[in-house]
Amino acid sequence: MQFITPISLALCALTSLSSHAFYPNTAKYAISLSFDDARKSQVDVGIPLLNKHDVKATFYLMPYHMQGKEQQWKLAAKAGHEIANHTSSHLCTGNFRWLRKQDKGLEQSNLSFLKEDIKHAQQYIKTHTGVDANGFAYPCGQTFVGRGTEVKSYVPLIAETFSYGRTWNDETANDPFYYDQAQIRAFSMDGKTFSELKALIEQAKFDNAWIVLAGHEVGEKGPYTVDRIALQQLIEYIKDPSNEFWLATVSDVNEYINRKTKGHDKK
Ligand SMILES: [Zn+2]
């Protein structure tokens, strides 16, 4: 005889959430397309392509690259793309010598500098697009400041300031029942052909997986460029209902998962 206990009821609810219809339109997987740095080719090449296919993506902006294209970024926000924050100074490891020379290596920085840097970007983005960003992408996907025993994580700062943070160059999709929204994992989509992107997605898939792809320039295939032909083929593949994807911005998927998994321990 089987007793119905609160635990078995909870397990039952969890099992039903894990079944096929987790995402809207009975999709089994979620996927988000994202682009970093506000590179000019994103507004010139990427956004027209996305708009043509009625696809909404997430853009992590930094003031330096937005200069001269502010109007186009405002239009991108109006068209429904997610506008988010990517700092002002783009601090990454100072092993990038050009950053180190400008005193912008994460090893030589601190949390108060980062806080101000992020605030400046937030203000600039708001002034020029009207958007008060609720998402953030860590430049270079790196989440630390300092060295050795003095290293500090800036993930808590992002968790306090934004609804979510996205990393980069990761090796896994996000499990809606486990992931940390302050460190949403993302694969790089730069420099890949469509068949390489498809293989990456197929390999990353698991039940209810949320796959986030991140790129930089959009144009001809290159180390920091999403190939526009590959992007077009990727969109067609994702939009094919037989592939069972829900395509939405990082913010939309994150909020959806938060609502859907409310009350469940993430473990
Ligand atoms: Zn970046």
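Remember, it's a predicted structure, so these values are computed and weren't measured experimentally.

Cut-offs applied
Residues numbered from 1 in each chain as written. Predicted model: local features only at pLDDT ≥ 70, side-chain atom pairs only at ≥ 80, totals over all residues. Heavy atoms only, no water. Core = buried A, V, L, I, M, F, W, Y, C linked by side-chain atoms within 4.5 Å. Buried < 20%, exposed > 50% of the residue type's maximum accessible area, 1.4 Å probe, protein only. Helix = DSSP H or I, 4+ residues; strand = E, 2+ residues; numbered from the N terminus. Contact = heavy atoms within 4.5 Å. Donors = N, O, S within 2.8 Å, 3.2 Å for Na, K, Ca; no water. Salt bridge = Lys/Arg side-chain N within 4 Å of Asp/Glu carboxyl O. Pairing = 2+ DSSP bridges. UniProt positions renumbered as here; feature names shortened; annotations may be inferred.

Caption draft 1: Representation of the nonpolar core within the structure. Among the nonpolar cores identified, the biggest contains 40 residues, and Leu33, Phe35, Trp73, Leu213, Leu231 and Leu234 are the most heavily contacted of them. For this core, the secondary-structure elements that each account for two or more residues are strand 1 (29–36), helix 2 (40–52), strand 2 (58–61), helix 4 (70–78), helix 6 (111–129), helix 8 (194–204), strand 9 (210–215) and helix 9 (228–239). When residues of this core are assigned to their parent elements, the largest contribution, six residues, is made by helix 9. Excluding residues within four positions of it along the chain, Leu234 makes contact with Leu33, Met189, Phe194, Leu197, Ile201 and Leu213. Counting residues in hydrophobic clusters, the runner-up holds 22 residues, among them Ala84, Trp168, Tyr256 and Ile257.

Caption draft 2: The coordination of the zinc ion, seen in detail. Only Asp37 (OD), His86 (NE2) and His90 (NE2) from the protein reach the zinc ion as donors, at distances of 2.1 Å. Read N to C, the donor residues that coordinate the zinc ion are spaced as D-x48-H-x3-H. In this pair, Asp37 sits in the loop between strand 1 and helix 2 while His90 sits in the loop between strand 3 (82–85) and helix 5 (97–101), placing the two residues 53 residues apart along the sequence. You'll find Asp37 and His90 in the same group, each marked buried.

Caption draft 3: Summary view of the pattern of salt bridges. Within the structure shown, the criterion is met by nine salt bridges. Among the salt bridges present, the one from Glu220 reaches Arg228, with a minimum N-O distance of 3.4 Å. Among the residues examined, Glu220 registers a relative accessible area of 56% and is labelled exposed. A residue is classified by how much of its surface remains accessible, and Arg228, at 36% relative accessible area, is partly exposed. Shared partners join several salt bridges into a network, and the residues in it are Asp37, Arg39 and Glu217.

Caption draft 4: Expanded view of the environment of Arg228. By secondary structure assignment, the location of Arg228 is in helix 9. The contact partners of Arg228, leaving out residues within four places of it in the chain, are Val45, Leu49, Val218, Gly219 and Glu220.

Caption draft 5: Layout of the pairing of strand 1. For strand 1, the buried fraction is high: eight of the eight residues fall into the buried class. When strand 1 meets strand 12 (residues 245–247), the two strands line up parallel, connected through three bridges. Its bridge partner being in strand 12, Ile31 is matched across the sheet by Leu247. Pairing of strand 1 with strand 9 involves six bridges; the strand directions are parallel. Note on strand 9: the bridge partner recorded for Ile31 is Ile211. In terms of strand pairing, strand 1 meets strand 2 through three bridges, oriented parallel. In the strand pairing of strand 2, Ser34 is matched with Thr58.

Caption draft 6: Here's a closer look at the UniProt feature "domain: NodB homology" (unreviewed entry) in the protein. In the numbering used here, UniProt assigns the "domain: NodB homology" (unreviewed entry) feature to residues 29–267. Between the end C-alpha atoms of residues 29–267 there is a gap of 19 Å, over a span that is 38% helix and 18% strand.

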